[in-house]
Amino acid sequence: MQTKKSDCEAINPDIVQQIQEQLPPEHLSGELSDFFKVMGDSTRIKILWVLEKNALCVNDIAVLLNMTKSAVSHQLKILRISKLIRSEKKGKNVYYALNDDHVQVIFAKALEHICE
């Protein structure tokens, strides 16, 4: 596979070189892009929002968001595959919660940014 070459010359080659050495590897850029694609869906944002408050089962999430269990389950699968949530079986129900505090930090920073 051939890589694209810029048709420009750097005005500040020292700065460009320094920054270029710090660029993340291509696979990390791809993973970050995938992360934002998952976060770029308003339904998944709402699900993450309610799970930030408390661990919930599919039924409770469906009622809160006025959705079908099937639609909620589909979105939960995407969030679970993306490692944003975890599940735990309690009796007959499976409860979902945020996987870690990172999602809360991302929400807080995003809200701070859009509310400025």
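Above this text sits the structure in question.
Everything numeric in this text was worked out from a predicted model, so none of it was measured.

Novice: It is not clear to me how the overall build of the chain should be interpreted in this structure. Could you clarify?
Specialist: Counting its secondary structure elements, the chain contains six helices and three strands. Shown N-terminal to C-terminal, the secondary structure of the chain runs as helices and strands in the order α-α-α-β-α-α-β-β-α. By the compact-globule yardstick of 13 Å for 116 residues, the chain is too spread out, its C-alpha radius of gyration being 20 Å. The C-alpha extent of the chain, read off along each of the three principal axes, is 60 × 40 × 20 Å. Look at the contacts in the chain between residues 6 or more apart in sequence, and 49% of them connect residues 24 or more apart. One finds the centroid of the 15 positive side-chain charges in the chain at a distance of 15 Å from the centroid of its 15 negative side-chain charges.

Novice: Would you mind showing me how to read the layout of surface pockets here?
Specialist: With a probe scaled to a water molecule rolled over the atoms, the places where space remains empty come into view. In this structure, the largest pocket occupies an estimated 230 Å³ of space. Lining the largest pocket we find Leu28, Glu31, Leu32, Asp34, Phe35, Val38, Ile81, Ser82 and Leu84. If you tally residues by element for the lining of the largest pocket, the top one is helix α2 (residues 26-39), at six residues. When the residues that make up the lining of the largest pocket are grouped by side-chain class, the tally is six nonpolar, one polar and two charged.

Novice: Where do I start with the nonpolar core in this structure?
Specialist: Here is a general trend for soluble globular proteins: nonpolar side chains tend to be buried in one another's company. By size, the foremost hydrophobic cluster in this structure holds 20 residues, and its most contacted members are Leu48, Leu51, Ile61, Leu76 and Ile85. Sequence-distant contacts of leucine 51, that is, excluding residues within four places in its chain, are made with Leu56, Ile61, Leu76, Ile85, Tyr96, Ala97 and Leu98.

Novice: Could you clarify how one ought to interpret the pairing of strand β2 (residues 85-90) in this entry?
Specialist: The side chains of a regular strand alternate between both faces of the sheet. With six bridges joining them, β2 and strand β3 (residues 93-98) adopt antiparallel strand pairing. Pairing of isoleucine 85 across the sheet is with leucine 98, part of β3.

Novice: Help me understand helix α5 (residues 69-81), please; the structure alone is not making it clear to me.
Specialist: An α-helix turns once per 3.6 residues; consequently, residues spaced three or four apart project the same way. Spanning 13 residues, α5 covers 18 Å between terminal C-alpha atoms, matching the ideal 18 Å at 1.5 Å per step. Buried within α5 are the following residues: Val72, Gln75, Leu76 and Leu79. The buried residues of α5 occupy an angular sector of 105° when projected down its axis, which confines them to one face. Away from its buried face by more than 90 degrees, α5 exposes Ser70 and Ile81.

Novice: Just to check I follow, could you spell out the environment of glutamate 112 for this structure?
Specialist: By the element assignment, glutamate 112 lies in helix α6 (residues 102-115). Residues glutamate 112 and lysine 90, spaced 22 residues apart in sequence, show a C-alpha to C-alpha distance of 35 Å.

Novice: Teacher, can you tell me more about the pattern of salt bridges here?
Specialist: When their charged atoms lie close together, side chains carrying opposite charge are able to pair. In the structure shown here, the tally under the stated rule is two salt bridges. Across the salt bridge formed by lysine 37 and aspartate 34, the nearest N and O atoms sit 4.0 Å from each other. Linking lysine 37 with aspartate 34, this pair stays in helix α2, spanning three residues, or about one helical turn. Where glutamate 112 meets lysine 109, a salt bridge forms, and the shortest distance between an N and an O atom there is 3.9 Å. Remark: lysine 109 and glutamate 112 occur in helix α6; sequence separation between them is three residues, near one turn of the helix.

Novice: What am I meant to see in the packing of helix α3 (residues 42-53) against α5 here?
Specialist: How two helices pack is summed up by the angle between their axes together with the distance between the axes. Look at α3 against α5: their axes get within 10 Å of each other, and the N-to-C directions meet at 80°. Classified by the angle between their axes, α3 and α5 sit roughly perpendicular to one another. Only Val72, Gln75, Leu76, Ile78 and Leu79 of α5 make contact with α3, whose side of the interface consists of Thr43, Arg44, Ile47, Leu48 and Leu51. Taken together, the residues that form the contact of α3 with α5 break down as seven nonpolar, two polar and one charged.

Calculation rules
Residues numbered from 1 in each chain as written. Predicted model: local features only at pLDDT ≥ 70, side-chain atom pairs only at ≥ 80, totals over all residues. Heavy atoms only, no water. Helix = DSSP H or I, 4+ residues; strand = E, 2+ residues; numbered from the N terminus. Rg over C-alpha atoms; globule rule 2.2 N^0.38 Å. Contact = heavy atoms within 4.5 Å. Lys, Arg positive; Asp, Glu negative; His and termini not counted. Charge placed at Lys NZ, Arg CZ, Asp CG, Glu CD. 1 Å grid on protein atoms, 1.4 Å probe; cavity = no way out; pocket = protein on both sides within 12 Å on 5 of 7 lines; lining within 4 Å. Points joined across faces, edges and corners; volume = space filled by probe spheres on them. Nonpolar A, V, L, I, M, F, W, Y, C, P; charged D, E, K, R; others polar. Core = buried A, V, L, I, M, F, W, Y, C linked by side-chain atoms within 4.5 Å. Buried < 20%, exposed > 50% of the residue type's maximum accessible area, 1.4 Å probe, protein only. Pairing = 2+ DSSP bridges. Expected span 1.5 Å × (residues − 1). Arc of directions from axis to C-beta. Salt bridge = Lys/Arg side-chain N within 4 Å of Asp/Glu carboxyl O. Axes fitted to C-alpha atoms, helices over the stretch in contact; angles between N-to-C directions. Parallel < 35°, antiparallel > 145°, perpendicular 65-115°, else oblique.

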